[in-house]
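Geometric and topological summary
Chain by chain, the residues:
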Amino acid sequence: MPSNEGGQGNRDRKLVSGPSLVHSFTRFINKSERCADIIWIDYEGKRVTYTTDLRPGEFFDVNTFVGHPWIFRDSISRDKLTVRCKEVYFPTPWNGDWPPQRTTINIGIPVYTLRERCSQVIRRLVPRSQYDLLEIPKTLKFELDEVDDAIRIS
C-alpha cells in the first residue's frame, strides 16, 4: 500500500508493498504492440522485475497479494505502459473459490502527451551523443536526457 511521506500530492508519495495475507491471482496480458516488462514494487519501494520482453499477445501469471503494487514498462524504450488506464495496478482479493480464477489485466499503451510522444520518437531516432546538435530549446535537450520514470498514483 502506498504511504504518503511528503503529504504534497502524488509525486511525494513513496510507492511500497504493504503487509498482506490476502491472496490475488492475476494474469497480465500484453495488449500493446510493444514488449513489456512487469515490475513489482517491493516493501522498500524498490523495483523487482518479474518478467522482461513479454511480447504482444503473450500473458504472464502471477500469484501476488492485495496491497502489492505492479508497474509496467516498454522493454526497449522504458516508456510507461498502463493497465485499466492507470500507471499502477493494485491487485484485487481472491474470492476463495477453488481452483482460483485469475483476474485478467490487460497491459496497454497510455495516451501520451504530444511532448512525450515527440521525445520518444527523438530518443529512438537520434543518438544521445547528438542531442546537443538539435535546434531545440535547452530545456527540451535536458528532458531528452532525463527519462521521466516517476510513478504517479491515481
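The shown structure was predicted, so the numbers you read here are calculated from the model rather than taken from an experiment. (Residues numbered from 1 in each chain as written. Predicted model: local features only at pLDDT ≥ 70, side-chain atom pairs only at ≥ 80, totals over all residues. Heavy atoms only, no water.)

Here we come to the confidence of the model for the chain. Mean pLDDT over the chain stands at 87; residues scoring 70 or higher make up 86%. Note on residues 1-12: pLDDT is under 50 here. Beyond four places in sequence and across chains, it has 21 contacts. (pLDDT = per-residue confidence, 0-100. Contact = heavy atoms within 4.5 Å.)

On to unusual backbone geometry. Generally, phi is negative for residues other than glycine and the peptide bonds are trans, each holding for most cases. The peptide bond linking Trp98 to Pro99 adopts the cis configuration, its omega dihedral lying at -5°. Within the secondary structure, Pro99 sits in the loop between β8 (80-83) and β9 (103-108). At Arg84, a position not held by glycine, the phi torsion is positive, near 50°. With respect to the element layout, Arg84 can be found in the loop between β8 and β9. On the basis of relative accessibility, which here comes to 52%, the residue Arg84 falls in the exposed class. (Helix = DSSP H or I, 4+ residues; strand = E, 2+ residues; numbered from the N terminus. Buried < 20%, exposed > 50% of the residue type's maximum accessible area, 1.4 Å probe, protein only.)

Another point: the pattern of salt bridges. Enumeration over the complete set of coordinates arrives at nine salt bridges. Note that Asp79 and Arg34 form a salt bridge whose closest N and O atoms lie 3.1 Å from each other. On the criterion of sequence distance, the pair formed by Asp79 in the loop between β7 (70-74) and β8 and Arg34 in the loop between β3 (23-30) and β4 (36-41) is long-range, its members being 45 residues apart. Classification of Asp79 as buried rests on a relative accessible area of 10%. Here Arg115 ties to Glu143 by a salt bridge, and the two come within 2.9 Å at their closest N and O atoms. One end of the pair, Arg115, is in helix α1 (residues 114-125); the other, Glu143, is in helix α2 (residues 138-145), with 28 residues separating them in the sequence. Of the residues examined, Arg115 reaches a relative accessible area of 46% and is grouped as partly exposed. The network of salt bridges with shared partners includes Arg27, Asp61 and Arg102. (Salt bridge = Lys/Arg side-chain N within 4 Å of Asp/Glu carboxyl O.)

When you line up the elements, Arg124 lands in helix α1. A C-alpha to C-alpha distance of 7.9 Å links Arg124 and Ser77, two positions 47 residues apart in sequence.

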